[in-house]
Amino acid sequence: MQQLSADILGEILSSLHVKDLLRFKSVSKTWNSIISSQYFINLHLKKSISSPSHCRIFPPYSVSLVYDDIQQVELTWPEEATGYFIGISSDGLVCYMDNISVHPTRICVWNPATRVSKTLNIDGMKFHLLVSWFGRESSDDVYKVVLGIWLIGKEEPRNRMQLISLSIDDSYQDQDSRYYSTPEINLDELVIKFNEEGKLLHGIVHWLVTQISAYDPNHAKVLMLTYNLGQKTVGELMPTPINSHEMHHITGIGVIGVIDGCMSAIQGYCEGFYEIYEVWVMKEYGIKESWTKLFTIPSGHNVRNLELVGVSGYGDIAFRSRTRHDNVTENIYTMNFFTNRRYIRMYVETLVSPKRLSRITAIAPTKG
């Protein structure tokens, strides 16, 4: 190994799991230098994202277990990871925000693979959280937090939601222009699933909502509320194939996600005592007619309360269900079912460190 060049050694090591790489840093100063370099961290990240063996399933609100190759592994949360679960970035960082039990408001960004976390405080923000998103658009972009909130302490009706965005990075430059807020969103005809985690595609964050007609409360549409990260604007409500009447009897208002670079939606309905689920994808973004049924999970699989957890780079789709059953293959996709009554999510094991994050920019939202 000593005769291998640093480039060749780095290429070999970049395919390994994080827990092995953390041990191998103690082999020698050379190995430690290679594994700790930003070039190697980026190389390992690129390979991890495309490898199913680096994907992990975990319950954001638990303090004990994570699934490692379908095995349960002990995982200890940092003490600061309390309050609201905001989301998971594509490079394996998990974000929590606590503005209830602590003051000032605290944001904790944590890498569960390396067990490294960073906590930052925000002054002057008190609110009830409705929807959220955490991540970044590309590898060279700053991390962003998008929050849909009700302000606390203001004499305003609860049928108004404010979308605010925060940026988290390692820069100490003047960042006054990096905070953005939107005009208030009227919720008179919109029903939002509390603590809904947004889904990012094409630089746009999506949340599932139900639109109820003021003239006919029995007539409802399941749509997607969108926020453009680049333009800092709320977009038009986008259609989904979900039937609101059917889904309310099963999982509330349905589930959306991203599969193979397309927006996806899970539509469910009942046949007798059984629940049948259809997985749809929007082949052409923004085009209602392009929604296409990808596959159906029939009643024979005994699925209950199906929820999309995540998708690996090789077509492995993870679902959560409240009943136990075997994994199945449909077309080119392998469906992995996790029997868990808790809220679970997928992250990618990486070496990306939140320690370099040094500043969060925020300002109290104002009326638009």
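Above this text sits the structure in question.
Right, let's walk through the structure included here. (Residues numbered from 1 in each chain as written. Predicted model: local features only at pLDDT ≥ 70, side-chain atom pairs only at ≥ 80, totals over all residues. Heavy atoms only, no water.)

1. Topic: the overall build of the protein
Helix and strand counts for the protein stand at five helices and 29 strands. For the protein, with 368 residues in total, the buried portion stands at 52%. Pairs at least 24 residues apart make up 52% of the contacts formed inside the protein by residues separated by at least 6 positions. A total accessible area of about 17700 Å² is found for the protein, and carbon and sulfur atoms account for 50% of it. (Helix = DSSP H or I, 4+ residues; strand = E, 2+ residues; numbered from the N terminus. Buried < 20%, exposed > 50% of the residue type's maximum accessible area, 1.4 Å probe, protein only. Contact = heavy atoms within 4.5 Å. Areas by Shrake-Rupley, 256 points an atom, 1.4 Å probe, with all protein chains shown as cover.)

2. A short note on the environment of T240
Its place among the elements puts T240 in the loop between β19 (238–239) and α5 (244–248). Leaving out residues up to four positions away in the same chain, T240 has contacts with L208, V222, L223, M224 and W291. In terms of polar contacts, T240 uses its side chain to reach the backbone carbonyl oxygen of V222, at 2.7 Å. Among the polar contacts made by the side chain of T240, one reaches the main-chain amide nitrogen of I242 at a distance of 3.3 Å. (Polar contact = N/O pair within 3.5 Å; in protein donor to acceptor, adjacent residues only side chain to side chain.)

3. Quick notes on helix α4 (residues 38–49)
With twelve residues, α4 should reach 16 Å at 1.5 Å per residue; the first-to-last C-alpha distance of 16 Å fits that figure. If you check which residues of α4 are buried, you get F40, I41, L43, H44, L45 and S48. Packed against the buried residues of α4 are α1 (6–13), α2 (18–24), α3 (29–36) and β28 (345–348). (Expected span 1.5 Å × (residues − 1).)

4. Some points on the packing of α1 against α4
At their nearest, the axes of α1 and α4 sit 9 Å apart, and the two run at 35° to each other. Considering the relative orientation of α1 and α4, their crossing is right-handed. Along the contact surface, α1 presents G10, E11 and L13, while α4 presents F40, L43 and K47. (Axes fitted to C-alpha atoms, helices over the stretch in contact; angles between N-to-C directions. Left-handed = near helix turned anticlockwise from the far one by under 90°.)

5. Some remarks on the state of the cysteines
Counted according to the given criterion, the structure contains zero disulfides. C95 takes part in no disulfide bond, and the closest cysteine sulfur to it belongs to C108, at a distance of 7.8 Å. (Disulfide = S-S within 2.5 Å.)

6. Considering α3
One full turn of an α-helix is made of 3.6 residues, so residues set three or four places apart face in the same direction. Taken as a whole, α3 has its buried residues at W31, I34 and I35. Seen from one end, α3 has its buried residues packed into an arc of 90°, which puts them on one side. (Arc of directions from axis to C-beta.)

7. Thoughts on the pattern of salt bridges
For the coordinates displayed, the defined rule picks out eight salt bridges. R56 is the salt-bridge partner of E349, the closest N and O atoms lying 3.5 Å from each other. Placement of the pair is E349 in the loop between β28 and β29 (359–361) and R56 in strand β1 (residues 55–58), with a sequence separation of 293 residues. Assessed through its relative accessible area of 10%, E349 is described here as buried. The partner of E137 in a salt bridge is K144, and the shortest N-O contact between them spans 3.8 Å. (Salt bridge = Lys/Arg side-chain N within 4 Å of Asp/Glu carboxyl O.)

8. Digging into the sheet that holds strand β6 (residues 105–111)
Backbone hydrogen bonds hold the strands of a sheet together, and the pairing may be parallel or antiparallel. One open sheet holds the four strands; their spatial order is β4-β5-β6-β7, and the pairing between them is antiparallel. In the strand order of this sheet, the two ends are held by β4 (84–88) and β7 (116–122), each with one partner. This sheet shows a mean twist of 20° between the axes of neighbouring strands, independent of strand direction. Judged from the seven bridges that link them, β6 and β7 form a sheet pairing that is antiparallel. Considered in β7, the bridge of N111 is made with V116. (Pairing = 2+ DSSP bridges.)

9. Focus on unusual backbone geometry
Generally, phi is negative for residues other than glycine and the peptide bonds are trans, each holding for most cases. Even without glycine at this site, N195 takes up a positive phi of about 60°. Relative to the helices and strands, N195 is located in the loop between β13 (190–192) and β14 (196–197). Although it is not a glycine, K232 adopts a positive phi angle of roughly 55°. For K232, the location among the structural elements is in the loop between β17 (220–228) and β18 (233–234). Given the relative accessible area of 27%, K232 is considered partly exposed.

10. What to know about a nonpolar patch on the surface
On the surface, L4, I8 and I12 cluster together into a nonpolar patch covering about 240 Å² of accessible area. Secondary-structure assignment places I8 in helix α1. (Patch = residues over 30% accessible without salt bridge, like charges linked within 9 Å, V, L, I, M, F, W, Y side chains within 5 Å.)

11. So, the packing of α3 against α4
In contact at an axis separation of 5 Å, α3 and α4 are set at 60° when each is read in the N-to-C sense. Taken together, the axes of α3 and α4 are oblique relative to one another. Taken together, the residues of α4 that come into contact with α3 (itself represented by I34, I35 and S36) are Q38, F40 and I41. Of the residues that constitute the contact of α3 with α4, the class distribution is four nonpolar, two polar and no charged. (Parallel < 35°, antiparallel > 145°, perpendicular 65-115°, else oblique. Nonpolar A, V, L, I, M, F, W, Y, C, P; charged D, E, K, R; others polar.)

12. With respect to the packing of aromatic side chains
Overall, the coordinates contain seven aromatic pairs when judged by the stated rule. Measuring from centroid to centroid gives 5.3 Å for W77 and W110, while their planes differ by 45°, and the two rings are tilted. One end of the pair, W77, is in the loop between β3 (71–74) and β4; the other, W110, is in strand β6, with 33 residues separating them in the sequence. For W110, a relative accessible area of 1% gives the class buried. Within the aromatic cluster, the residues linked to one another by ring pairs are F58, W77, W110 and Y347. (Phe/Tyr/Trp six-rings, centres within 6.5 Å; stacked < 30°, edge-to-face > 60°.)

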